[in-house]
Amino acid sequence: MALHRSCGPLISSSLLTPATTPTSTILIHSCPPSVCINARVRNTTTKPLRAAASAPQKYVYPDPIPEFAESETHKFRAELSRKLLKDKATFGDDFSSVIDVCAEIFSEFLLMEYGGPGTLLVDPFTDMLVALKEKELPGAPLAAKASLLWAQNYLDQDWDVWNSKSSK
């Protein structure tokens, strides 16, 4: 048992004793040594103070919705075609193939991973770029960028609209 003296009583410190070990705490009142006969002894059991830290609650995103994925893929395909049609010369005869590759990867992402706002990842768009380059299709950076920008601007909004209609 460690004894500490500060401006006041001489007290024992239970901080240095193991948890739940019976200890005696002696309180001696500050008084002149010749008069100090008023000492109390109290038996206690020390217990460590534990901060009640609870794990932060994790938000669980909803599972992907196949019907939403199908509908959104059709919309994505139409909008990407409209956007890239402005640069049709860049894609030449491979225009349809570029759209097909992007739509297939986007659809897979929607079916497997997208669960609403906060779950849009960059991975499917880098996958589009890589797949288009591997197939040696023209305009890979342009198509991947247009796909990403479309998704950033519309996907979460469309999800919210879809779910507001289905909850009514």
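Residues numbered from 1 in each chain as written. Predicted model: local features only at pLDDT ≥ 70, side-chain atom pairs only at ≥ 80, totals over all residues. Heavy atoms only, no water.

J.: Any chance you could explain the pattern of salt bridges here in plain terms?
T.: A side chain with one charge may pair with a side chain of the opposite charge, provided their charged atoms come close. Going through the model one piece at a time under the given rule, you end up with three salt bridges. We note a salt bridge from Lys75 to Asp158, for which the minimum N-O separation is 2.9 Å. Here the residue Lys75 occupies a position in helix H1 (residues 66-84), and Asp158 occupies one in helix H5 (residues 140-166), the gap between them amounting to 83 residues. Judged by relative accessible area, Lys75 falls into the partly exposed class, the value being 33%. Salt-bridge contacts for Asp100 lead to Arg77; the nearest nitrogen and oxygen are separated by 2.7 Å. Of this pair, Asp100 sits in helix H3 (residues 95-112) while Arg77 is found in helix H1, placing the two residues 23 residues apart along the sequence. (Salt bridge = Lys/Arg side-chain N within 4 Å of Asp/Glu carboxyl O. Helix = DSSP H or I, 4+ residues; strand = E, 2+ residues; numbered from the N terminus. Buried < 20%, exposed > 50% of the residue type's maximum accessible area, 1.4 Å probe, protein only.)

J.: I keep staring at the nonpolar core and nothing clicks. Help me out?
T.: Nonpolar side chains in soluble globular proteins tend to end up buried together. Counting residues in hydrophobic clusters, the biggest one holds 30 residues, and the most contacted among them are Leu84 and Phe106. Within the residue set of this core, elements represented by two or more residues are H1, H3, helix H4 (123-134) and H5. When near neighbours in sequence (up to four residues on either side) are disregarded, Phe106 contacts Glu72, Thr73, Phe76, Phe125, Met128, Trp150, Ala151 and Leu155. (Core = buried A, V, L, I, M, F, W, Y, C linked by side-chain atoms within 4.5 Å. Contact = heavy atoms within 4.5 Å.)

J.: Help me out: how do you make sense of the packing of aromatic side chains in this one?
T.: Describing an aromatic ring pair means giving the distance of the ring centres and the angle of the ring planes. All told, the structure shown has 11 aromatic pairs when counted by the stated rule. Both rings, one in Phe106 and one in Trp150, keep their centres 6.0 Å apart while their planes meet at 80 degrees; by these two values the pair is edge-to-face. With Phe106 in helix H3 and Trp150 in helix H5, this residue pair connects regions lying 44 residues apart in the sequence. Phe106 gets classed as buried once you look at its relative accessible area, which sits at 0%. What links up through ring pairs into an aromatic cluster is the set Phe68, Phe109, Tyr114, Trp159 and Trp162. (Phe/Tyr/Trp six-rings, centres within 6.5 Å; stacked < 30°, edge-to-face > 60°.)

J.: Even after reading the chapter, I still don't get H4, so can you show me in this structure?
T.: One turn of the α-helix equals 3.6 residues, which is why residues spaced by three or four share an orientation. Helix length check: H4, at 12 residues, gives a terminal C-alpha distance of 16 Å against a target of 16 Å (1.5 Å per residue), a fit within 8%. Among all positions in H4, only Pro124, Phe125, Met128, Ala131 and Leu132 are buried. Taken end-on, H4 shows its buried residues confined to a sector of 120 degrees, consistent with a single buried face. Pointing more than 90 degrees away from the buried face of H4 are the exposed residues Lys133 and Glu134. Its buried side turned inward, H4 meets H1, H3 and H5. Phi for Glu136, located one or two positions after H4, is positive at around 55 degrees. (Expected span 1.5 Å × (residues − 1). Arc of directions from axis to C-beta.)

J.: Is there a simple way to explain H1 in this structure?
T.: The terminal C-alpha atoms of H1, which comprises 19 residues, lie 26 Å apart, in line with the 27 Å expected from a rise of 1.5 Å per residue. Among all positions of H1, only Phe68, Ala69, Glu72, Thr73, Phe76, Leu80 and Leu84 are buried. All buried residues of H1 project into a common sector of 125 degrees when viewed along the axis, lining one side. In H1, the exposed residues that point more than 90 degrees away from the buried face are Glu70, His74 and Arg82.

J.: What exactly am I supposed to notice about the environment of Phe95 here?
T.: Within the fold, Phe95 resides in helix H3. A sequence separation of 43 residues divides Phe95 from Pro138, and the C-alpha atoms of the two residues are 8.5 Å apart. If we skip the residues at most four places from it in the chain, Phe95 touches Ser81, Leu84, Leu85 and Lys88.

J.: Would you mind showing me how to read the packing of H4 against H5 here?
T.: Angle between the axes and distance between the axes: these two values describe a pair of packed helices. Here H4 crosses H5 at 160 degrees, and the two axes come no closer than 9 Å. Between H4 and H5, the angle is such that the two are roughly antiparallel. The crossing of H4 and H5 is right-handed. Residue-level contacts link Phe125, Met128, Leu129, Leu132 and Lys133 of H4 to Ala140, Pro141, Ala143, Ala144, Ser147, Leu148 and Ala151 of H5. (Axes fitted to C-alpha atoms, helices over the stretch in contact; angles between N-to-C directions. Parallel < 35°, antiparallel > 145°, perpendicular 65-115°, else oblique. Left-handed = near helix turned anticlockwise from the far one by under 90°.)

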